[in-house]
There are 2 protein chains.
Amino acid sequence: MARTGYHTRQRELIADFLKTHEGEHVRAADIAAHLAVSGSPVGVATVYRTLDMMTKSGEVKKYIDPDAGACYVFASQPCDSRHYHLKCSGCGKLIHLDCSMMSDLEVHIAREHSFELDPGRTVFYGTCAECGAKRKDNDK
Amino acid sequence: MARTGYHTRQRELIADFLKTHEGEHVRAADIAAHLAVSGSPVGVATVYRTLDMMTKSGEVKKYIDPDAGACYVFASQPCDSRHYHLKCSGCGKLIHLDCSMMSDLEVHIAREHSFELDPGRTVFYGTCAECGAKRKDNDK
DNA sequence: CTAGTTGCAAAGAGTTTGCATGGCG
DNA sequence: CGCCATGCAAACTCTTTGCAACTAG
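Computed from a predicted model, the values in this text were never measured in an experiment.

Engineer: Explanation requested: the interface of chain B and chain A in the structure shown.
Structural biologist: A common measure of how large an interface is: the accessible area buried when the components associate. Chain B puts 30 residues into the contact, and the matching count from chain A is 30 residues. Taking both sides of the interface into account, the surface hidden between chain B and chain A amounts to around 2600 Å²; carbon and sulfur atoms contribute 74%. Connecting chain B to chain A are eight residue pairs in polar contact (both at pLDDT 80 or more). Every element with two or more residues in the side of chain B that touches chain A is listed here: β4 (84-88), β5 (94-97), α4 (100-113), β6 (115-117) and β7 (123-128) of chain B. It is α4 of chain B that provides the largest number of residues to the side of chain B that touches chain A, a total of seven residues. Each residue belonging to the side of chain B that touches chain A can be placed in one class, and the counts come to 18 nonpolar, seven polar and five charged. Note: strand β6 (residues 115-117) of chain A against β7 of chain B, three bridges, orientation antiparallel. Residue Leu117 of chain A lies in a different strand from β7 of chain B, and its bridge partner there is Gly126 of chain B.

Here it is as structure tokens:
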């Protein structure tokens, strides 16, 4: 299963970047851009291929953001991803939600609805406090 | 609020299609394809423009499916969208979740986390019972 | 040495936009 | 009639793929 292949400079760089940004949602382009600036450019294709590989192996979670496209999140341990994310449709801000109520919800959904939630891939959309207030002002 | 624009054959067709498929998640291409087959083809651009318009007016909800791209859901009443969706990563099945616990969650998140959830745009990812069982068999 | 990797560029898929024509009101 | 809507195709963005050169083990 482990079949991870060779250890290369590029993969090291990408993995490092992800570890440095653990828990954050990054896009392939972010990684490529960062590495390019750092003086060790890596081809976009390689970034995608590596991320795809890591996604399959479970090292990173992939999800699609309506505004930004594919996003990847590094999770050191599968079970560490006990938290969910809230994404503000207004400002695009990403909020980490670490709340015991979610565990209850998971249990409830698993039991009553026969569905096992995947925290790493689930993103809640809505409006943050600031944008909510802003909208009230603008809306007349 | 602006009663946007004219009443045209194309918009009627698109609205009809959406009403016929209320609650289902359809893609722009699905609509265009259906109308083309029905003998009243509508340009893709028009479909996108109309859906965009309806999204802004709140008639339909838009969300991005990791596999299929942009999806739209027609909701007869804004407040009828009191339900969320569960999407199985295994078989792609979409499950409607209409559960009072979600209301509690909304209140909780609004109060404790200052974030207002948008049911129409939030999709929970995870694994349905069937795929969960299937996976257990295959995994070993 | 050999197979897995990389990078470039071309290919794709999905969505948006410009512009001239057509149709609603 | 005026203005909005439509269609087509070109433009775009993001992601994938083909292929020759490259490199880790």
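Engineer: It is not clear to me how the packing of helix α1 (residues 9-20) of chain A against helix α3 (residues 44-57) of chain A should be interpreted in this structure. Could you clarify?
Structural biologist: When two helices pack together, their arrangement is given by the angle between the helix axes and by the axis-to-axis distance. All names here are of chain A. Between α1 and α3, the shortest axis-to-axis distance is 10 Å and the interhelical angle comes to 65°. When the axis of α1 is compared with that of α3, the two are roughly perpendicular. In the packing of α1 onto α3, the handedness of the crossing is right-handed. Note on element contacts: α3 touches α1 through Thr46, Val47, Thr50, Leu51, Met53 and Met54, opposite Gln10, Arg11, Ile14 and Leu18. Looking at the contact of α1 with α3 residue by residue, the class counts come to six nonpolar, three polar and one charged.

Engineer: Sorry, what's going on with the sheet that holds strand β1 (residues 25-26) of chain B here?
Structural biologist: Two modes of strand pairing occur in sheets, parallel and antiparallel, and in both the strands are linked by backbone hydrogen bonds. All names here are of chain B. Taken in spatial order, the three strands make up an open sheet running β1-β3-β2, and their pairing is antiparallel. A strand with exactly one partner marks an edge of an open sheet, and here the two such strands are β1 and β2 (60-65). Sheet topology note: the β2/strand β3 (residues 69-74) ladder contains six bridges and is antiparallel. Counted as the bridge partner of Ile64 is Ala70 from β3. Across the face of the sheet, helix α3 (residues 44-57) comes into contact with β2 and β3 while running at roughly 115° to β2.

Engineer: Can you help me understand the pairing of β3 of chain B in this one?
Structural biologist: Taken residue by residue, a regular strand's side chains alternate between the two faces of the sheet. Residue and element names in this part refer to chain B. Of the pairings in the sheet, the one linking β1 to β3 comprises two bridges and is antiparallel in character. What sits directly across from Val26, in β3, is Tyr72. Taken together, β2 and the strand that follows it, β3, pair antiparallel across an intervening segment of three residues.

Engineer: Looking at this structure, I do not really get the relation of the copies chain B and chain A. What am I missing?
Structural biologist: With an RMSD of 0.5 Å, the operation that places chain B on chain A is a rotation of 180° combined with a shift of 0.0 Å along the axis. What the rotation and shift describe, once combined, is the action of a two-fold rotation axis. Of all interface residues in chain B, 100% are interface residues in chain A too; the two copies therefore contact each other through one and the same surface.

Engineer: Is there a simple way to think about the pattern of salt bridges in this case?
Structural biologist: As a working rule, side chains carrying opposite charge can pair if their charged atoms are close by. Summed over all chains, the structure comprises eight salt bridges over all chains. For Lys87 of chain A, the salt bridge identified is with Asp65 of chain A, shortest N-O distance 2.8 Å. Placement of Lys87 of chain A in strand β4 (residues 84-88) and of Asp65 of chain A in strand β2 (residues 60-65) is noted, with a sequence separation of 22 residues between them. The exposure class of Lys87 of chain A is buried, given its relative accessible area of 8%. With relative accessibility at 2%, the residue Asp65 of chain A sits in the buried group. In this structure, Asp118 of chain B and Lys61 of chain B form a salt bridge, with 3.4 Å as the shortest nitrogen-oxygen distance. Of this pair, Asp118 of chain B sits in the loop between β6 and β7 while Lys61 of chain B is found in strand β2, placing the two residues 57 residues apart along the sequence. Overall, Asp118 of chain B belongs to the buried group, its relative accessible area being 11%. For Lys61 of chain B, a relative accessible area of 23% gives the class partly exposed.

Rules behind the numbers
- Residues numbered from 1 in each chain as written.
- Chains lettered and ligands numbered in written order.
- Predicted model: local features only at pLDDT ≥ 70, side-chain atom pairs only at ≥ 80, totals over all residues.
- Heavy atoms only, no water.
- Contact = heavy atoms within 4.5 Å.
- Buried area = accessible area lost by both parts, 1.4 Å probe.
- Polar contact = N/O pair within 3.5 Å; in protein donor to acceptor, adjacent residues only side chain to side chain.
- Helix = DSSP H or I, 4+ residues; strand = E, 2+ residues; numbered from the N terminus.
- Nonpolar A, V, L, I, M, F, W, Y, C, P; charged D, E, K, R; others polar.
- Pairing = 2+ DSSP bridges.
- Axes fitted to C-alpha atoms, helices over the stretch in contact; angles between N-to-C directions.
- Parallel < 35°, antiparallel > 145°, perpendicular 65-115°, else oblique.
- Left-handed = near helix turned anticlockwise from the far one by under 90°.
- Least-squares fit on C-alpha atoms with pLDDT ≥ 70 in both.
- Salt bridge = Lys/Arg side-chain N within 4 Å of Asp/Glu carboxyl O.
- Buried < 20%, exposed > 50% of the residue type's maximum accessible area, 1.4 Å probe, protein only.

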